[in-house]
Amino acid sequence: MWPDGRVRCGWAAGDSLLARYHDLEWGIPPGDDDAHFEALTLEIFQAGLSWRTVLYKREGFRRAFARFSIPAVAAFTPDDVDRLLLDTSIVRHRAKIEATVHNARALLALQEEAGSFVAWLAGQPADPDAIHAALRPRLAFFGRTTCVSFLEAIGKIPPVHDPECWRAG
């Protein structure tokens, strides 16, 4: 039980940053395409790590990836990738950094086709398998588990809360 009297999911227990994310962001549509790109990128970087690790480096990710401006990241060069591999404020994983640049370029193409990534997502069924099948050929480092986590994070599918959590049900 927190001082505010709310019981939260176990993964957010005992950590104010995780609790704030849990209460104010998880499962709530983030808004524009860049915010969706941020959510996607953070979920990709989370693969194999704890969410706490990624969330605590979020400001570093925002600085490193131009505040998740899709056009800016799409313009990154191999020199930018090399620079980011030296940046201790983020998770330094070459394949994930390269995937982020690749994914920005893929989202630019999707924006041209659908008007926006948000619009494209809105036109999709709330079915992780269908969305994964549609995005997998376009996106790098985007497995089914990452897809489900991303869709929960942005509220496309309901996130699974612990039964006793104040946000459950």
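The structure contained in this document is the topic of the report that follows. (Residues numbered from 1 in each chain as written. Predicted model: local features only at pLDDT ≥ 70, side-chain atom pairs only at ≥ 80, totals over all residues. Heavy atoms only, no water.)

**Quick word on helix α9 (residues 128-135)**
When we look at burial in α9, the residues that qualify are Pro128, Ile131, His132 and Leu135. Axial view of α9: buried residues confined to an arc of 100°, hence all on one face. Check the buried side of α9 and you find it contacts α7 (94-114), α8 (117-122) and α10 (144-153). Its side-chain oxygen placed 3.0 Å from the backbone nitrogen of aspartate 129, aspartate 127 serves as the N-cap of α9. (Buried < 20%, exposed > 50% of the residue type's maximum accessible area, 1.4 Å probe, protein only. Helix = DSSP H or I, 4+ residues; strand = E, 2+ residues; numbered from the N terminus. Arc of directions from axis to C-beta. Contact = heavy atoms within 4.5 Å. Polar contact = N/O pair within 3.5 Å; in protein donor to acceptor, adjacent residues only side chain to side chain.)

**Details of the packing of aromatic side chains**
Using the criterion set out here, one finds 11 aromatic pairs in the structure. An angle of 90° between the planes, with centres 5.0 Å apart, marks the rings of tryptophan 11 and tryptophan 26 as edge-to-face. With tryptophan 11 in the segment before α1 (16-24) and tryptophan 26 in the loop between α1 and α2 (33-46), this residue pair connects regions lying 15 residues apart in the sequence. A relative accessible area of 31% means that tryptophan 11 is categorised as partly exposed. Classification of tryptophan 26 as buried rests on a relative accessible area of 8%. Among the aromatic side chains, those forming a connected cluster through ring pairs are Phe37, Phe45, Phe61, Phe65, Phe68 and Phe76. The positively charged end of arginine 6 is found above the aromatic ring belonging to tryptophan 166, 3.8 Å away from the centroid. The ring of tyrosine 56 is capped by arginine 52, whose NZ or CZ atom sits 4.3 Å from the centre of that ring. (Phe/Tyr/Trp six-rings, centres within 6.5 Å; stacked < 30°, edge-to-face > 60°. Lys NZ or Arg CZ within 6 Å of the ring centre and 35° of its normal.)

**Here's the deal with the packing of α9 against α10**
Running from N to C, α9 and α10 point in directions that differ by 115°, and their axes come no closer than 10 Å. Seen from above, α9 lies across α10 with right-handed handedness. Note on element contacts: α10 touches α9 through Arg144, Cys147, Val148 and Leu151, opposite Pro128, Asp129, Ile131 and His132. (Axes fitted to C-alpha atoms, helices over the stretch in contact; angles between N-to-C directions. Left-handed = near helix turned anticlockwise from the far one by under 90°.)

**Some words on the environment of aspartate 80**
Here aspartate 80 shows up in helix α6 (residues 78-84). When the C-alpha atoms of aspartate 80 and lysine 57 are compared, they prove to be 18 Å apart, with 23 residues separating the residues in sequence. Here the side chain of aspartate 80 touches arginine 83 through a polar contact of 3.2 Å, side chain to side chain.

Take it as geometry only, folks, not as evidence of what the structure does.
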